[in-house]
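Examination of the molecular architecture
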Amino acid sequence: MIKSEDQQLGLFPEEDFIGLVAGVDEAGRGPLCGDVYAAAVILDPDCPIKGLDDSKKLSEKRRAILASEIKEKALAWAIASSSVAEIDEINILQATLLAMRRAVTALSIQPQLLRVDGNQDPKSDVPAITIIKGDALFAEISAASILAKDARDQSMYEADQDYPQYGFGQHKGYGTKAHLAALAQYGVTPLHRTSFAPIKRLIEKAEVRD
């Protein structure tokens, strides 16, 4: 069940905390290619959105519908990303936290508190609480999860147009059998994360053959 009251978490009793809360979540940490995305959302309590949930539990069509509704009804929302180059330079965790900070900074209204999915504080200028599986517990985190996942998926459809032989539109960059087979046949693209082990191994094999 989606929660909406701080006192249910036992961290910020309602009588002690009054202010705007933003949910923050990411999408795209696991894939072998593409940017990692993050979103921050401040929901409007006067405009509730039905059906919010962990984005992974929703169909792609349902996510797209909810993403449009979130953008229409939220008090503020922002989507940001960290590039493949940044992922390879500072590692995927730090790149994810960077994307989260960018999303929070980009909000048109600054919140007084962040609820962040997972166990890593992005260490922005706004105080944060981290909540494991928070995208299934708090509406604002669910909303952020949906926006980040929808944006990440759209980026993979764009990649599919540039590199149709890799099947990015189907596997969204994850290391599926089809993706690994395409990599073995066609090689590594500029979209692939060279710091990730499967990609690094392919590059090393290609260098040995050369």
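Below or above, wherever it landed, is the structure these notes cover. (Residues numbered from 1 in each chain as written. Predicted model: local features only at pLDDT ≥ 70, side-chain atom pairs only at ≥ 80, totals over all residues. Heavy atoms only, no water.)

Looking now at the sheet that holds strand 5 (residues 128-131). Spatially, 5 strands are ordered 3-2-1-4-5 in an open sheet, and the strand pairing comes out mixed. This sheet does not close on itself; its edge strands, each paired only once, are strand 3 (76-82) and strand 5. Neighbour-to-neighbour, the strand axes of the sheet open up by a mean angle of 20°, direction not taken into account. Both strand 1 (residues 21-27) and strand 2 (residues 36-42) contribute to a ladder of 5 bridges, which runs antiparallel. Looking across to strand 2, one finds that Gly23 is bridged to Val41. Helix-sheet contacts for helix 4 (residues 139-162) involve strand 1, strand 2, strand 3, strand 4 (113-117) and strand 5, and the interaxial angle to strand 1 is about 35°. (Pairing = 2+ DSSP bridges. Helix = DSSP H or I, 4+ residues; strand = E, 2+ residues; numbered from the N terminus. Axes fitted to C-alpha atoms, helices over the stretch in contact; angles between N-to-C directions. Contact = heavy atoms within 4.5 Å.)

We now examine the packing of helix 1 (residues 60-73) against helix 4. Remark: helix 1 packs on helix 4, axes separated minimally by 9 Å, with the N-to-C direction vectors making an angle of 120°. Seen along the crossing, helix 1 lies across helix 4 with a hand that is left-handed. The segment helix 1 lies against helix 4, with Glu60, Arg63, Ala64, Leu66, Ala67, Ile70 and Lys71 engaging Ala143, Ile146, Leu147, Lys149, Asp150, Asp153 and Tyr157. Tallied by class, residues from the contact of helix 1 with helix 4 come to 8 nonpolar, no polar and 6 charged. (Left-handed = near helix turned anticlockwise from the far one by under 90°. Nonpolar A, V, L, I, M, F, W, Y, C, P; charged D, E, K, R; others polar.)

With that settled, consider the nonpolar core. Within the largest apolar cluster, 17 residues are counted, with the highest numbers of intra-cluster contacts made by Val24, Ala40, Met100, Val104, Leu107 and Leu114. Counting residues per element, the ones that place at least two in this core are strand 1, strand 2, strand 3, helix 3 (92-106) and strand 4. At 5 residues, the largest contribution of residues to this core is made by helix 3. Setting aside residues no more than four positions away along its own chain, Leu114 makes contact with Ala22, Val24, Val104, Ser124, Val126, Pro127, Ala128 and Ile129. (Core = buried A, V, L, I, M, F, W, Y, C linked by side-chain atoms within 4.5 Å. Buried < 20%, exposed > 50% of the residue type's maximum accessible area, 1.4 Å probe, protein only.)

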